[in-house]
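Examination of the molecular architecture
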Amino acid sequence: DVSDNLTAVSGPGDISSQTTSPLGMAFNADGTKMFIVSDSGDHADSVLEYTLDTGFDISDNLTYVSGGNKDVSNEDTVPRGIAFNADGTKMFILGDAGNDVTEYTCSAFDVSSCSVVTSGSDPFSVASEQTAPLGIAFNTDGTKMFITGNTGDKVEEYDCSTGFDVSSCSDGNSPKSTEDEIPRGIAFNDNGSKMFIVGDDENVVNEYACGQFFDVSACSYSGDDERFELPSDIETAPSGIAFNTDGTKMFVLGDVGDDINEYACSTGFDVSTCHSA
C-alpha cells in the first residue's frame with residue numbers, strides 16, 4: 001500500500017527532513033510528482049520522490065514518498081542534476097564524482113523502479129568539456145543534451161543521434177558562457193526559444209533569447225532588466241530550477257533553506273514578471 005510510505009512535508013516546499021543538500025530537481029509531465037537529488041544525510045546520493053495533490057502546486061500537500069527513493073551511489077557519489085524523458089521511462093543523473101551522465105530505464109516516473117542502462121557507452125563522460133558539472137537538461141525529443149558547469153562558467157551542448165540515448169551523444173555546438181560564475185540549474189521554455197540559468201554566485205535567474213531553438217550558441221543574454229533576483233531572505237544558494245508547462249510558475253530549489261520556492265509569473269517564461277506565489 002503506497003499510502004504507508006507517504007509522509008507529509010512540514011511546510012510548503014520544506015524538504016529539510018529528508019535532505020540538507022538538495023542539488024537538482026525535476027517534475028513529471030503534469031506536476032503531480034517531484035524529484036530531488038540529495039547529496040547528504042540519511043538519503044545521501046539518492047533521488048527522492050514527492051507527490052503533489054495539485055499539479056505544480058507545492059503548497060497543496062507536498063508529500064514525501066519514503067519508499068520511493070533511488071540510491072545512485074553505485075553510479076556516482078556526488079550527484080548534481082536530474083532529468084527525464086517525456087514519459088518518465090528514462091532517468092538521467094549528472095554526477096560530479098565521475099563527471100558523467102548515467103542513464104536509467106524506469107517504470108513511468110517511478111524512481112524506485114529505475115535500473116542502470118548497461119548497453120552502449122554508459123555512463124556518458126563530460127570530463128573533456130566539464131570537470132565540475134552542475135545541471136542537466138534535454139530538448140523536447142532528446143536529440144540534444146545540455147550541461148551547465150563551474151569549469152569555465154558555461155553551458156555545454158551535445159548532439160544525440162538517438163533521442164534520450166546518452167551513448168549516442170557527442171560534443172556539439174560551441175559552449176555558451178554564462179553571466180553567473182556558478183551556473184547551477186538550467187531550463188528551457190517549451191520550444192527552446194528561451195533558456196534560463198539559475199546562478200549561485202549572483203543569486204539570480206538569468207534569461208536568454210535563443211535565435212535558433214535549443215542552440216546555446218545562438219542564445220543571448222536578455223539583460224539585467226529581464227533577470228529575476230532571488231530574495232536574499234528566502235534563498236542564497238539556489239541549486240535547481242523548473243517551470244510548469246506554460247511557464248506561469250517557476251520553482252527554485254535552495255541548498256540553504258533546503259526547500260523549493262514557488263514563484264508566479266504573470267507572463268509565461270518571462271522571469272522579470274515573476275514574484276513570490
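Each remark here, short or long, concerns the structure printed above.
Note that the coordinates shown come from a computational prediction; the quantities given were computed from them, not determined experimentally. (Residues numbered from 1 in each chain as written. Predicted model: local features only at pLDDT ≥ 70, side-chain atom pairs only at ≥ 80, totals over all residues. Heavy atoms only, no water.)

Let's shift gears to the pairing of strand S24 (residues 259–265). Counting buried residues along S24, six of its seven residues qualify, which places the element largely inside the surrounding structure. Looking at chain direction, strand S23 (residues 249–254) and S24 are connected through six bridges and run antiparallel. Pairing of Lys-249 across the sheet is with Ala-264, part of S24. Joining the antiparallel neighbours S23 and S24 is a turn of four residues, in which Asp-258 adopts a positive phi near 50°. Inspection of the sheet shows S24 paired to strand S25 (residues 274–276) by three bridges, in the antiparallel sense. Paired with Cys-265 across the bridge in S25 is Cys-274. (Buried < 20%, exposed > 50% of the residue type's maximum accessible area, 1.4 Å probe, protein only. Helix = DSSP H or I, 4+ residues; strand = E, 2+ residues; numbered from the N terminus. Pairing = 2+ DSSP bridges.)

Attention shifts here to the nonpolar core. Of all hydrophobic cores here, the largest spans 16 residues; its most connected members are Met-25, Phe-27, Met-34, Ile-36, Tyr-50 and Ile-260. Those elements that place two or more of their residues in this core are strand S2 (22–27), strand S3 (33–38), strand S4 (46–51) and S23. Residues within four places of Ile-36 in sequence aside, it is in contact with Ile-15, Pro-22, Gly-24, Met-25, Ser-46, Val-47, Leu-48, Tyr-50, Leu-253 and Ile-260. (Core = buried A, V, L, I, M, F, W, Y, C linked by side-chain atoms within 4.5 Å. Contact = heavy atoms within 4.5 Å.)

Turning next to unusual backbone geometry. One non-glycine residue, Asp-45, adopts positive backbone phi at about 55°. The backbone of Asn-99 sits at a positive phi, close to 50°, despite the residue not being glycine. You can see Asn-99 is positioned in the loop between strand S8 (90–95) and strand S9 (100–107). Judged by relative accessible area, which is 12%, Asn-99 ranks as buried.

The next thing to look at is the sheet that holds S23. Taken in spatial order, the four strands make up an open sheet running S22-S23-S24-S25, and their pairing is antiparallel. Of all the strands in the sheet, just strand S22 (238–243) and S25 have a single pairing partner and so form its edges. Neighbour to neighbour, the strand axes of the sheet diverge by 30° on average, direction disregarded. Direction of pairing for S22 relative to S23: antiparallel, over a ladder of five bridges. For Ala-242, the partnering residue across the bridge sits in S23 and is Phe-251. (Axes fitted to C-alpha atoms, helices over the stretch in contact; angles between N-to-C directions.)

Summed over the entire model, instances satisfying the criterion amount to ten salt bridges. The shortest N-O distance in the salt bridge between Glu-49 and Lys-33 comes to 3.2 Å. Of this pair, Glu-49 sits in strand S4 while Lys-33 sits in strand S3, placing them 16 residues apart in sequence. Across the pair Arg-184 and Asp-200 runs a salt bridge, and its minimum N-O distance is 3.2 Å. (Salt bridge = Lys/Arg side-chain N within 4 Å of Asp/Glu carboxyl O.)

So far we have only geometry, and geometry alone does not tell us how the molecule works.
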